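Residue-level listing of the chains:
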Amino acid sequence: MRKWLPWLLWAGCALWLASSMREHRGPLDIEGAGRLPVLAGGRVKPMDTVARTSLLILHGKQSLEISKTETVSAMEWLLEVMAKPGDSNARRFLRIDNPDVLGLMGLQQTREKYFSFEQLKPHIEEIERQAKLADPVESGQRSLFQTNILKLYNQLHLYQRLKNTLQVEDSPDLPSEIALYEKSAPAGMQAVREREAGRKFDEKDFGLFLEFADRYRYLSQTSYAMVIPPPQSSTKPLEWMNMGEGLLRTVNTGHLDSTVALYADLVAAHRNSDNTRFKQATTQLRSQFRAAIPHELSRTDFEFSFNRLQPFYKSMVLYVAAFVLILFSWLVDSKGLNRIAFHLLLIALVIHTFGLVARMYIQGRPPVTNLYSSAIFVGWGAVVLGMILEKIHRNGIGAITAATLGFLTLLVAHNLAADGDTMEMLRAVLDTNYWLATHVVVVTLGYASTFLAGFLALVYIIRRFFHRLDERTAQSLGGMVYGILCFATLFSFVGTVLGGIWADQSWGRFWGWDPKENGALIIVLWNALTLHARWGGMIRERGLIVMAVFGNIVTSFSWFGVNMLGVGLHSYGFIDKAFYWLALFVLSQLAMMALAFYTAPLAQKRPSRGAA
Amino acid sequence: MLIDRIFKIFTSLKLTVICLGFGIVLVFVGTLAQVHMGIHAVQEEYFGAFLVYWKPAGANWKIPVLPGGYLLGIILLLNLLAAHIFRFQWAWKKSGIFLTHLGVLLLIVGGFLSGLLSVESQMPLDMGQTKNYSEDPLAVELVLVDTSHPDYDEVVAIPQHFLGSEKNIQHPRLPFRLNIEKYYPNSKLAMRQPGTDAAAAATQDIGINVQATEIPRATQVNQQDIVSALVEIVTPEKSLGTWLVSSGLGKDQIFSTEGKTWHIGIRQARYYKPYSIQLLNFSHDLYPGTDIPKNFSSRVRVVNPSFKEDREVLIYMNHPLRYAGETYYQASFANNDKTSILQVMRNPGWLTPYFACSLVGLGLLVQFSIHLTSFIRRRKA
């Protein structure tokens, strides 16, 4: 292989990453708006994250195709929702898949999956009624229709809140509206005081003031994100205010909050497509935030770049490329291709690691905090272990397993992300970095290593089936599976026990036979059983391989299956669609186990010159 | 020889593998069964049992289908001991295995001990309230309180299992006999509909208007059985009548005999303590702008006269109070954040899993490091 080839590869990938960070070329300063920090869902994040997660919940994607030729970014869409709700109401972006939900509104299921708010508007009362009927039913007992009508109801609720984030949605011109409010407030307050004292008061002033107060109270209750940071002197960093609260406060302070005024400008500038004014508003907001909340601002800027980079998506692409290359290198017996694949894999791992660390920095948490991040971490752990194996054996086996697991786990993560913000806040009992960093990380490494052993075993079965396994490779694969299983036993045991100790600290019992605990225990027992059977000579190489594949089923049950049962203290996240995928995975693994019993003779020739 | 063969079986690795296999099946089936049976029933019938039975709905026979947790634990324990006594030979390169097995041994024994010795109860406290007892959330007791003495009450508490097993209860401190006419492990209480319902089985007080109907026992973690009973009170001379008592009735019922006033009722079983705990404040913090809970905490005052102790403690998530052999956890809350519910655990063996697990973790690490170094040495050679 030519010396410069790996360097070219690294440079090419760097260029590819840099190109995705390129600035948007539109008429408005969308990036400036996307970088503005807001507080939503309990944490400070860039507006861009609000846009992406909201569009993901409503539309299923992070961008919106508005015509055959034009696609808008999540941030462009959100700005339209907040500033021009009339236009946004007419856009078809709400994804509805369930035929019964469509039928409720007299709509037929066609190829069109997306609907506009205007289409749904006549049926809102009925949707609300159905949602109220479905809500008291426990999530595990709900019918498909009930689940979906509740989903739609929550989507509409979110959309409504987004529209009423910066202004009450029917506002014709926000700056002049709030200017009138500011001007009339003193007289209005005077009238209120006179009335309370039982004196004569100006009914017109009083009426106008009441109208504004009602209007902004509504805004303060519906507003989705808090946009006004606490003043620099504040001791409570999370005491943000939303637009409505900011407007109501004018009564006490006597003047309009400058952030409120700037956001009003932003809305008006967007409405009039006035780029200069828009840019001015974002720049001024930014300099205010830099003074008031410098740390949050640098963090949200980082998160903005992280959103743009989409590191996990890029790693996925590279994992697939590496996988294909290794397969090809086996077919044509090329050591050079194998090396390139190794470098690709290394680049993918670097990006994957960057994404993982970036999330830790943004959240200020250990790597695993929910199901989504566990998928990312399982993949990461498996890829690291697989790369170590590849470094030792240099036969492409560790690498292909790493690439497969890296891709599959990131795919799982990608599908789990559809629920919205993947960095949501942690419920009380989970709010402990100590146990998240120990128990959760170790038990997740246990999943990763058990999967790695299982996927190495799959390589064994497939290569043997295609007569591409010689005796030496078979032996080395058997050794890898055994070694990784030893690690898996250690990790899953220690992780499970640490979980027990956490439970003892927080619930008062070391072990409560809760489904999640049982799932972890089954992995430990299965790994122990496999190792004992091997030590006792009850199974040999093939037996070990078959049992390692079954380990995949055991681990997937523990990881996802128990969450579908919906009982016990641990079931925080219930997922139903994933059930079919889990069943499919289990079936595929059973099929592979059966395939292992088809005894193909071992290959005479070594299949690859690269095999050691 | 038969004894030799038994020895051989008990020292064999095959037995280990079989037990682990049954263990996996048991845990798996037990986990699925929780969906319908609830976690407590599964613990009793699967993990804390010698045999797991299968019983078709409505049948009055059952057949054993799986070894239960206790049986598997005992066999594994014997297997492990026998293997170490009769088969294993000590060698430094097996030191990890020895450590691991010692840890597993301790874990199984500790598990049995904590199953036998640990007592779980709850202490719900209203703001400002002081209590010197905790309550068993799963068991009730029938209490009869003599309130005629001006300085103290005399309480006779009859544990729940007597209600189910005994027809007649004669307690030395009671001047009458209790005749348990009917016992409902779980029940539904409803107002009696005159004319449509059958005649009342109770003849006194609330039972004349309220009737209990038996329902299946609760299976969900957050559900509680409402235990009821029909109790006839019989003095040596005559029957005083039949009372309906239930844990679902808010207050006790009162009757008098031989110049003394008695309260009768069913309440959650109580564990009294030589100290008291008062709830000073309960707080329930949310993340700003959301309804995701961030923290629950109870500020309590512990007063123990015998140790001259009177201090304040904060109990919050993952930070329980360990006091006098018991541990108090922030478990729940009720009543619009005005009531804090503390979980109270008495488990004398709570430290054993910590030791056991350190031993197993260390053992595995040692053993696999030995494997790894020999693997690397072989590769280099």
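## Describing the overall build of chain A
Then, number 1: The number of helices and strands found in chain A is 24 helices and 6 strands.
Then, number 2: Projected onto its principal axes, the C-alpha coordinates of chain A cover approximately 105 × 55 × 55 Å.
Then, number 3: Within the span of chain A, comprising 612 residues, buried residues form 46% of the whole.
Then, number 4: For chain A, the share of sequence-separated contacts (at least 6 apart) that also reach a separation of at least 24 residues comes to 71%.

## Some details on the overall build of chain B
Then, number 1: Looking only at helices and strands, chain B features 7 helices and 18 strands.
Then, number 2: At 27 Å, chain B has a C-alpha radius of gyration far larger than the 21 Å of a compact globule built from 381 residues.
Then, number 3: Pairs at least 24 apart in sequence give 55% of the contacts found in chain B among residues at least 6 apart.

## A word on the pairing of strand β14 (residues 293–304) of chain B
All names here are of chain B.
Then, number 1: Looking at chain direction, strand β13 (residues 260–286) and β14 are connected through 10 bridges and run antiparallel. Among the inter-strand pairings, Ser-283 is bridged to a residue of β14, identified as Ser-297.
Then, number 2: As consecutive antiparallel partners, β13 and β14 are separated by 6 residues, and within that stretch Gly-289 has a phi angle of approximately 75°, a positive value.
Then, number 3: The antiparallel pairing of β14 with strand β15 (residues 309–316) creates a hairpin that spans 4 residues between the two strands, and Lys-308 there sits at a positive phi of about 50°.

## Notes on the interface of chain A and chain B
Then, number 1: Contacts between the two partners involve 48 residues from chain A and, on the opposite side, 45 residues from chain B.
Then, number 2: Of all elements in the fold, only β1 (37–40), α21 (471–506) and α22 (515–535) of chain A reach the threshold of two or more residues within the side of chain A that touches chain B.
Then, number 3: With 13 residues, the single largest contributor to the side of chain A that touches chain B is α21(A).
Then, number 4: Classifying every residue of the side of chain A that touches chain B by side-chain character gives 31 nonpolar, 13 polar and 4 charged.

## Some details on the packing of α21(A) against helix α7 (residues 352–380) of chain B
Then, number 1: Running from N to C, α21(A) and α7(B) point in directions that differ by 165°, and their axes come no closer than 10 Å. The angle between the axes of α21(A) and α7(B) places the two elements in the roughly antiparallel class. Our pair here, α21(A) against α7(B), has a crossing hand that is left-handed. On α7(B), the residues that touch A:Gly483, A:Cys486, A:Phe487, A:Thr489, A:Leu490, A:Phe493, A:Val494, A:Val497, A:Gly500 and A:Ile501 of α21(A) are B:Pro353, B:Tyr354, B:Cys357, B:Val360, B:Gly361, B:Leu364, B:Leu365, B:Phe368, B:His371 and B:Phe375.
Then, number 2: When grouped by side-chain class, the residues that make up the contact of α21(A) with α7(B) number 15 nonpolar, 5 polar and no charged.

## What to know about the domain arrangement of chain B
Then, number 1: Structurally, chain B comprises domain 1 (2–118 + 364–380), domain 2 (121–131 + 274–342) and domain 3 (133–271).
Then, number 2: Centre-to-centre separation of domain 1 of chain B and domain 2 of chain B, based on C-alpha positions: 38 Å.

## Describing the packing of helix α4 (residues 74–83) of chain A against helix α13 (residues 258–271) of chain A
Residues and elements named next belong to chain A.
Then, number 1: Two numbers describe how α4 lies on α13: the axes approach to 9 Å, and their chain directions differ by 105°. Relative to α13, the element α4 lies roughly perpendicular. From α4, Leu-79, Met-82 and Ala-83 reach across to α13, where they touch Val-267, His-270 and Arg-271.
Then, number 2: A class-by-class count of the residues in the contact of α4 with α13 yields 4 nonpolar, 1 polar and 1 charged.

## What to know about helix α23 (residues 541–559) of chain A
Think of an α-helix as 3.6 residues a turn; residues three or four steps apart then line up on the same face.
Then, number 1: For α23(A), built from 19 residues, the straight-helix expectation of 27 Å at 1.5 Å per residue is met to within 8% by its first-to-last C-alpha distance of 27 Å.
Then, number 2: Buried residues dominate α23(A), accounting for 15 of its 19 residues.

## Examining the nonpolar core
All names here are of chain A.
Then, number 1: Counting residues in hydrophobic clusters, the biggest one holds 125 residues, and the most contacted among them are Ala-322, Leu-345, Leu-456 and Val-481.
Then, number 2: Ranked by residue count, the leading element in this core is helix α20 (residues 433–465), at 18 residues.
Then, number 3: Ignoring sequence-local partners within four residues, the contact set of Val-481 consists of Ala-453, Leu-456, Ala-457, Leu-544, Ile-545 and Ala-548.
Then, number 4: Formed by 58 residues, the second largest nonpolar core is a distinct cluster that contains Ala-74, Tyr-159, Tyr-181 and Leu-285.

## Here's the deal with the sheet that holds strand β10 (residues 228–234) of chain B
All names here are of chain B.
Then, number 1: Taken together, the 4 strands give an open sheet; going across it, the order is β6-β7-β10-β11, and neighbouring strands pair in antiparallel fashion. Strands with a single pairing partner mark the edges of an open sheet, and in this sheet they are β6 (168–170) and β11 (239–246). Direction aside, neighbouring strands of the sheet carry axes that sit 25° apart on average.
Then, number 2: Sheet topology note: the β6/strand β7 (residues 177–184) ladder contains 3 bridges and is antiparallel. Paired with Gln-170 across the two strands is Arg-177, which belongs to β7.

## Observations concerning the pairing of β13(B)
Residue and element names in this part refer to chain B.
Then, number 1: Strand direction decides the pairing type here: strand β4 (residues 130–146) and β13, joined by 12 bridges, are antiparallel. For Ser-134, the partnering residue across the bridge sits in β13 and is Tyr-271.
Then, number 2: Hairpin connection from strand β12 (residues 253–257) to β13: 2 residues lie between these consecutive antiparallel strands, with Glu-258 at a positive phi of about 50°.

## As for the domain arrangement of chain A
Residue and element names in this part refer to chain A.
Then, number 1: Each assigned domain of chain A is listed here: domain 1 (174–291), domain 2 (310–425) and domain 3 (457–607).
Then, number 2: For domain 2 and domain 3, the distance between their C-alpha centroids amounts to 19 Å.
Then, number 3: If you look at the interface, domain 2 gives 10 residues, while domain 3 gives 9 residues.
Then, number 4: Take the side of domain 2 that touches domain 3: its biggest share by element is 4 residues, from helix α18 (residues 371–393).
Then, number 5: Of the residues in the side of domain 2 that touches domain 3, the class split is 6 nonpolar, 4 polar and no charged.

## Side note on α18(A)
Residues and elements named next belong to chain A.
Then, number 1: End to end, α18 covers 33 Å across 23 residues, agreeing with the expected 33 Å (1.5 Å per residue, within 8%).
Then, number 2: Of all 23 residues in α18, 18 are buried, a share of seventy percent or more.
Then, number 3: Following α18 by one or two positions, Arg-394 has its phi on the positive side, about 50°.

## Considerations on the confidence of the model for chain A
Residue and element names in this part refer to chain A.
Then, number 1: On average, residues of chain A score 88 in pLDDT, and 94% of them are at 70 or above.
Then, number 2: Every residue in residues 567–575 scores below 50 in pLDDT, and together they form 28 contacts with partners more than four places removed in sequence or on other chains.
Then, number 3: Segment residues 606–612: pLDDT under 50, and 22 contacts once partners within four positions in sequence are set aside and those in other chains are kept.

## Section: unusual backbone geometry
All names here are of chain A.
Then, number 1: Even without a glycine there, the phi angle at Gln-310 is positive, about 45°.
Then, number 2: By the secondary structure assignment, Gln-310 is in the loop between α15 (294–309) and α16 (311–332).
Then, number 3: Take Gln-310: there are 15 C-beta atoms within 10 Å of it, and that puts it in the partly exposed class.

## Some words on the environment of A:Leu426
Residue and element names in this part refer to chain A.
Then, number 1: Assignment of secondary structure puts Leu-426 in the loop between α19 (397–416) and α20.
Then, number 2: In this structure Leu-426 comes out as buried when scored by C-beta crowding, with 21 C-beta atoms within 10 Å.
Then, number 3: Note: C-alpha distance between Leu-426 and Asn-370 (56 residues apart in sequence) is 8.5 Å.
Then, number 4: In this view, Leu-426 contacts Thr-369 and Asp-431; residues no more than four positions away in its chain are not counted.

## Some words on the environment of A:Glu169
Residue and element names in this part refer to chain A.
Then, number 1: In this fold, Glu-169 is placed in the loop between α9 (144–163) and α10 (174–196).
Then, number 2: Expressed as a C-alpha distance, the spacing of Glu-169 and Gly-86, which sit 83 residues apart in the sequence, is 8.4 Å.
Then, number 3: With near-sequence residues (within four places) excluded, Glu-169 lies in contact with Pro-85, Lys-163 and Asn-164.

Calculation notes
Residues numbered from 1 in each chain as written. Chains lettered and ligands numbered in written order. Predicted model: local features only at pLDDT ≥ 70, side-chain atom pairs only at ≥ 80, totals over all residues. Helix = DSSP H or I, 4+ residues; strand = E, 2+ residues; numbered from the N terminus. Buried ≥ 20, exposed ≤ 12 C-beta atoms within 10 Å, placed from the backbone. Contact = placed C-beta atoms within 7 Å. Rg over C-alpha atoms; globule rule 2.2 N^0.38 Å. Pairing = 2+ DSSP bridges. Nonpolar A, V, L, I, M, F, W, Y, C, P; charged D, E, K, R; others polar. Axes fitted to C-alpha atoms, helices over the stretch in contact; angles between N-to-C directions. Parallel < 35°, antiparallel > 145°, perpendicular 65-115°, else oblique. Left-handed = near helix turned anticlockwise from the far one by under 90°. Domains from an automatic or database assignment. Expected span 1.5 Å × (residues − 1). Core = buried A, V, L, I, M, F, W, Y, C linked by C-beta atoms within 7 Å. pLDDT = per-residue confidence, 0-100.

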